[in-house]
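Here are the chains, one letter per residue:
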Amino acid sequence: MSPAPDERDRIRAAMERILGGTPELSNGALTIVALALEAGVPRNALTQRHTDLKNEFYDKVRARGGTPDSERRLRKQIRRLKELRAADAEELAQLKADVEALVGALHQATMENLHLRQQLADRHAVIRALPTQAPLGR
């Protein structure tokens, strides 16, 4: 499907309306989605056929001191992911410390178990070494 002959003109007009604060067909957000809706073109017209107009739109948004909504969302997501990564690193450090403590406790329990088994074996050996007594009364 080939683009409409006036597609670029409609995109430029939509760009001016959005940047001028007078959107007619969209919510006026500083996004490619709103620009495409405002221009009455599919979004991929901006992301595939008219990337120069998409870049021009974002450049104008930045020049006005604004940040495109998509960039704000990405920055917010990056911030959240960094916080999650820090929390994960903290949890991982705690888990490593817990593993070391559990390994130490397991080693101690194993050694105590071994010691108790040895004591039990020694007692059995002592009992077996005792002379057997004759039954009483005979």
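Just so you know, these numbers come straight off a predicted model, no measurement behind them.

A. Helix 1 (residues 7-20), seen in detail. Look at helix 1: 20 Å from first C-alpha to last across 14 residues, which is about the 20 Å you get at 1.5 Å a residue. Residues of helix 1 that are buried include every one of Glu7, Ile11, Ala14, Met15, Arg17, Ile18 and Leu19, and no others. Contact partners of the buried residues in helix 1: helix 2 (32-39), helix 3 (43-49) and helix 4 (51-63). In the stretch just after helix 1, Gly21 is the one whose phi turns positive, near 80°.

B. Inspection of the packing of aromatic side chains at higher detail. Going through the model one piece at a time under the given rule, you end up with one aromatic pair. With a centroid separation of 5.9 Å and 40° between ring planes, the pair formed by Phe57 and Tyr58 is classed as tilted. Of the two residues, Phe57 and Tyr58, both sit in the buried class.

C. Up close: the packing of helix 1 against helix 4. Contact geometry for helix 1 and helix 4: axes closest at 11 Å, N-to-C directions at 15°. Taken together, the axes of helix 1 and helix 4 lie roughly parallel to each other. Between helix 1 and helix 4 lies a crossing of right-handed hand. Mapping the contact onto sequence places Arg8, Ile11, Arg12, Met15, Glu16, Ile18 and Leu19 in helix 1 and Asp52, Leu53, Glu56, Phe57, Lys60 and Val61 in helix 4.

D. Here's a closer look at helix 4. With 13 residues, helix 4 should reach 18 Å at 1.5 Å per residue; the first-to-last C-alpha distance of 18 Å fits that figure. Buried residues of helix 4: Leu53, Phe57, Tyr58 and Val61, and no others. For helix 4, the angular spread of the buried residues around the axis is 135°, confining them to a single face. Considering only its buried residues, helix 4 is in contact with helix 1, helix 2, helix 3 and helix 5 (69-129). Positioned one or two residues after helix 4, Gly65 has a phi angle of 90°, which is positive.

E. Looking closely at the environment of Gly40. Summarising the element assignment, Gly40 is placed in the loop between helix 2 and helix 3. Overall, the relative accessible area of 48% leaves Gly40 in the partly exposed class. Taking the C-alpha atoms as reference points, Gly40 and Arg80, 40 residues apart in sequence, are found 34 Å from one another.

Basis of the calculations
Residues numbered from 1 in each chain as written. Predicted model: local features only at pLDDT ≥ 70, side-chain atom pairs only at ≥ 80, totals over all residues. Heavy atoms only, no water. Helix = DSSP H or I, 4+ residues; strand = E, 2+ residues; numbered from the N terminus. Expected span 1.5 Å × (residues − 1). Buried < 20%, exposed > 50% of the residue type's maximum accessible area, 1.4 Å probe, protein only. Contact = heavy atoms within 4.5 Å. Phe/Tyr/Trp six-rings, centres within 6.5 Å; stacked < 30°, edge-to-face > 60°. Axes fitted to C-alpha atoms, helices over the stretch in contact; angles between N-to-C directions. Parallel < 35°, antiparallel > 145°, perpendicular 65-115°, else oblique. Left-handed = near helix turned anticlockwise from the far one by under 90°. Arc of directions from axis to C-beta.

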